[in-house]
Structures are given as structure tokens and as C-alpha cells.
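The lines below spell out each chain.
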Amino acid sequence: MAVLEQTPPAVVQPSPTRPKKGLRKYWHLYAAISPFYLIFLGFGLFPVGFSLYLSFHRWDGLGSMEWAGLSQYQYLLSDGDFWNSIGNTIVIWALATFPMIFLAMVTAVMLNSAVRFKGLYRVAYFLPNVTSVVAIAIVFGSIFSTNSGVVNAVLHSVGIDQVAWLNTPWGIKVTIAALMTWQWTGYNAIIFLAGLQTVPGELYEAARMDGAGPIQTFFRITLPLLRPTLLFVLVVSTVTGLQSFSEPQVLLQTSSNDSTFAGGPGHSGQTMVLYFFQQTFDNNDFGYGAAVAWGIFLVVVLFSIINWRLVQRRGD
């Protein structure tokens, strides 16, 4: 008698669930970080894009915009006041940056070799950077005052004629540069100190065993190993120095009667950013002010690239 074979019933496999895509799966993580991007979009990216759009228009801030094309950039290239502000900014930046870097490096070396009260010294040197720029400018305005300033009192005591620091072209530039040097020396000294502490001590011990003096050790070991730190300090100092605004604006606001953004007598202390504010808010020319802002951006980028290339070439 034949036995009928029974086939087992087929097992129905559940259909695999389709994996969620990244946005659906991690939506809560994207939602957690979204405030940063929304703020950056509203207060960072949108103003940059709108300023570029505005630079191609004429607008007084209230009426309708008028298309200007490239005419404002063409005028910018032939604007003598804008080129004067570029020259003032570069001179002030050079007078402030190179002495500041030298003093900051010397200060960092001294702090690195100090035995006691290192923390106190670091705080003391960093204080000028966190002090209000307005307060610093007021103090320096009194120090460099023509009639009652400390600097002129010292010059008079050694038989040198008084200098009208805030009324002569070079006096204005030197005063602003001195303010910026005092403000940023301590900050950059802390940066250099951090770089110095990464240099292996064995290199200095080997140099001393070979008879190298402090000067040789500095130029043969310390300075080459500090090149990345020096590059960082130089680029940051270029970006901040070429965008100086509060220092000349507060220091020279009582030296000119026509505008608080004029930069003193003869516009001798008018930096690029001061000129931008003058065109935008004094003249109510927001379109041309936007073109000036993009001109400032190109100048800062150009000088940053030049400084970066110079430091990198010396390291090759």
C-alpha cells in the first residue's frame, strides 16, 4: 500500500522592513544641531549674500533699490579716499604687528623660563586683550595728549619738543599702532608660550652640550619649531589689524568736527572699516558701502595669502 507523502506547509517569511534613510532615522540629532545652522543662516550666510547683492544696487536704506551693475566697483577702484584708507590701514598694521610679534615672542620666552608665579604672569599679560577697547582708547588718548600727556611730559623732561600726537598724520598712526600693540602683545605671547611648551627639552639639552648659546639656540631650534605658531599669529594679526575700527574711532572722535568716522585731521587715521562706516551711515549710501566692504574683504584675503606664503617659503 503506497504511503502518500505530505509536503509541509510553506513558511511565510515576513517581508523585511525597509531601513529608514538617514534624515528619517536621525531626525532628532539633526533637530538638536539645527539651531546653530539656523542662526548661522540668518545672521551669517544671509547677510553676506545680501551685501553682495546690495553692492550691485544704489540704496539709501529707505527707498527702492536701483540697479547699478559694476559701476560702484568701477568707482571704488578710482576712489582716492578709499585708497587713502587702505594706505592708512596698512601703515598702522605694519607699525603695530611687527613690534607686537617681537615683543610677544620675547615675553613668551621669558614666561617659559620663569620659575615662580607663572600663572600670575599669564593672567597679567592676557588682561589687556579682555579689557574694553573703548576704555583702552580713552586711556591712550590721555597718555598721548598734546598738552597733558605722559609721553610729551617724558619728552619734555629729556629736552625734546612736544609732539601733537593726535593732530599730525604720523602721530595719529603711531598712537593707534601703540594702542593695538599694547592690546594684543599679551594675547599672542600666550599663543607663543603654548608653542614653546611643545618643543622637546632634549633639543635644548643637546644644544647646550654642543656649546650653543642662547641666541644660537633661539634661531636654530626655537624659531624653526615655532613656525606654525608664528604663521597662525601673523595671519590672525593680519585679519584683525586690517579690520581695525574701535581703536581709531574712539581715539580720534573728538579730533574732527565733520564725522566720527573721519579718522582725525586730514583723514590720517581713517582705516578701511572707518571709511566703510562713513559711506554707509554718514552718507546713507548702503550700496556703495557694501561694495567697500567687499573691497576690504579682498584686501584682507590678499594680505593674508601674502603673509602665509612668505612664512611658508622661509620654512622651505
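Thresholds applied
Residues numbered from 1 in each chain as written. Predicted model: local features only at pLDDT ≥ 70, side-chain atom pairs only at ≥ 80, totals over all residues. Heavy atoms only, no water. Helix = DSSP H or I, 4+ residues; strand = E, 2+ residues; numbered from the N terminus. Buried < 20%, exposed > 50% of the residue type's maximum accessible area, 1.4 Å probe, protein only. Contact = heavy atoms within 4.5 Å. Areas by Shrake-Rupley, 256 points an atom, 1.4 Å probe, with all protein chains shown as cover. Axes fitted to C-alpha atoms, helices over the stretch in contact; angles between N-to-C directions. Parallel < 35°, antiparallel > 145°, perpendicular 65-115°, else oblique. Left-handed = near helix turned anticlockwise from the far one by under 90°. Phe/Tyr/Trp six-rings, centres within 6.5 Å; stacked < 30°, edge-to-face > 60°. Polar contact = N/O pair within 3.5 Å; in protein donor to acceptor, adjacent residues only side chain to side chain. Expected span 1.5 Å × (residues − 1). Patch = residues over 30% accessible without salt bridge, like charges linked within 9 Å, V, L, I, M, F, W, Y side chains within 5 Å. Salt bridge = Lys/Arg side-chain N within 4 Å of Asp/Glu carboxyl O. pLDDT = per-residue confidence, 0-100.

Student: Talk me through the overall build of the protein chain; I want residue IDs and the actual numbers.
Tutor: When its secondary structure is counted, the protein chain shows 14 helices and two strands. Taken across its 316 residues, the protein chain has 36% of its residues classed as buried. In the protein chain, of all internal contacts separated by at least 6 residues, the share reaching a separation of at least 24 is 64%. Surface summary for the protein chain: the accessible area is close to 19600 Å², and the carbon and sulfur share equals 67%.

Student: How would you sum up unusual backbone geometry? Please name residues and give values.
Tutor: Positive phi values are uncommon outside glycine, yet His267 reaches one of about 55 degrees. By the secondary structure assignment, His267 is in the loop between helix 12 (246-251) and helix 13 (272-282).

Student: Tell me about the packing of helix 8 (residues 169-196) against helix 11 (residues 227-241), and please be specific about residues and values.
Tutor: At a minimum axis distance of 10 Å, the contact between helix 8 and helix 11 shows a crossing angle of 155 degrees. With respect to helix 11, the element helix 8 is oriented roughly antiparallel. Relative to helix 11, the crossing made by helix 8 is right-handed. Touching Met180, Asn188, Ile191, Phe192 and Gly195 of helix 8 are Thr229, Leu230, Phe232, Val233, Ser237 and Gly241, all from helix 11.

Student: Give a description of the packing of helix 6 (residues 133-143) against helix 8 that names residues and reports values.
Tutor: As a packed pair, helix 6 and helix 8 sit with axes 10 Å apart at the nearest point and diverge in direction by 130 degrees. Compared by their axis directions, helix 6 and helix 8 come out oblique. Note that helix 6 runs across helix 8; the crossing there is right-handed. In this structure, helix 6 uses Val133, Ile136, Ala137 and Phe140 to contact helix 8, whose residues at the interface are Ala178, Leu179, Trp182 and Gln183.

Student: Could you give an account of the packing of aromatic side chains, naming the residues involved and the relevant values?
Tutor: Ring pairs (aromatic) are described by centroid distance and by the angle formed between their planes. Here the structure, examined in full by the defined rule, presents 25 aromatic pairs. Here Phe46 and Phe50 contribute two aromatic rings whose centre-to-centre distance is 6.0 Å and whose plane-to-plane angle is 20 degrees, an arrangement assigned as stacked. Taken as a pair, Phe46 and Phe50 lie in helix 2 (residues 27-54) at a separation of four residues, close to a single helical turn. Exposure remark for Phe46: the relative accessible area of 54% places this residue in the exposed category. Ring centres of Trp93 and Phe303 lie 6.0 Å apart, and the angle between their planes is 75 degrees; on these two criteria the pair is classed as edge-to-face. Taken together, the positions of Trp93 in helix 4 (residues 80-113) and Phe303 in helix 14 (residues 286-315) put the pair 210 residues apart, joining distant regions of the chain. By way of ring pairs, the aromatic residues Trp59, Phe245, Phe261, Phe276, Phe277, Phe281 and Phe286 are connected into one cluster.

Student: So what's going on with the side chain of Gln72? Residues and values would help.
Tutor: One can find Gln72 in helix 3 (residues 71-77). You can call Gln72 buried: its relative accessible area is 6%. A polar atom in the side chain of Gln72 sits 2.8 Å from the backbone oxygen of Ser55. Looking at Gln72, its side chain comes within polar contact range of the main-chain nitrogen of Tyr288, at 3.2 Å.

Student: An account of helix 11 is requested, with residue identities and associated values reported.
Tutor: Owing to its 3.6 residues per turn, the α-helix aligns residues three or four sequence positions apart on the same side. The terminal C-alpha atoms of helix 11, which comprises 15 residues, lie 20 Å apart, in line with the 21 Å expected from a rise of 1.5 Å per residue. Where helix 11 is concerned, the buried positions are Thr229, Leu230, Leu231, Val233, Leu234, Ser237, Thr238 and Gly241.

Student: I'd like a rundown of the environment of Met65, residues and numbers included.
Tutor: Looking at the secondary structure, you find Met65 in the loop between strand 1 (57-58) and strand 2 (66-67). Sequence-wise, Met65 and Gly287 are 222 residues apart; in three dimensions their C-alpha atoms are separated by 8.8 Å. Sequence-distant contacts of Met65, defined by excluding residues within four places in its chain, comprise Phe50, Tyr53, Leu54, His57, Arg58 and Trp59.

Student: A description of the environment of Asn167 should follow, citing residues and the corresponding values.
Tutor: Structurally, Asn167 can be placed in the loop between helix 7 (150-157) and helix 8. Looking at Asn167, the relative accessible area reads 46%, which means it is partly exposed. Separated by 21 residues in sequence, Asn167 and Thr146 place their C-alpha atoms 8.6 Å apart. Those residues in contact with Asn167 that lie beyond four places of it in its chain are Thr146, Ile172 and Pro265.

Student: Residue-level account of a nonpolar patch on the surface, with values.
Tutor: A surface patch of nonpolar side chains, about 940 Å² in accessible area, is lined by Tyr26, Leu29, Tyr30, Ile33, Phe36, Tyr37, Phe40, Leu41 and Leu45. Tracing the chain through its elements places Phe40 in helix 2.

Student: Now, about the side chain of Asn307: what can you tell me, with residues and values included?
Tutor: The topology assignment puts Asn307 in helix 14. If we ignore the near neighbours within four places in the chain, the residues touching Asn307 are Trp93, Leu231, Leu234 and Thr238.

Student: Before we move on, can you summarise the confidence of the model for the protein chain with the specific residues and values?
Tutor: Of the residues in the protein chain, 89% reach a pLDDT of 70 or more, and the chain-wide mean stands at 84. When pLDDT is averaged over each helix and strand of the protein chain, the minimum, 69, is found for helix 1 (residues 22-25) and the maximum, 93, for helix 3.

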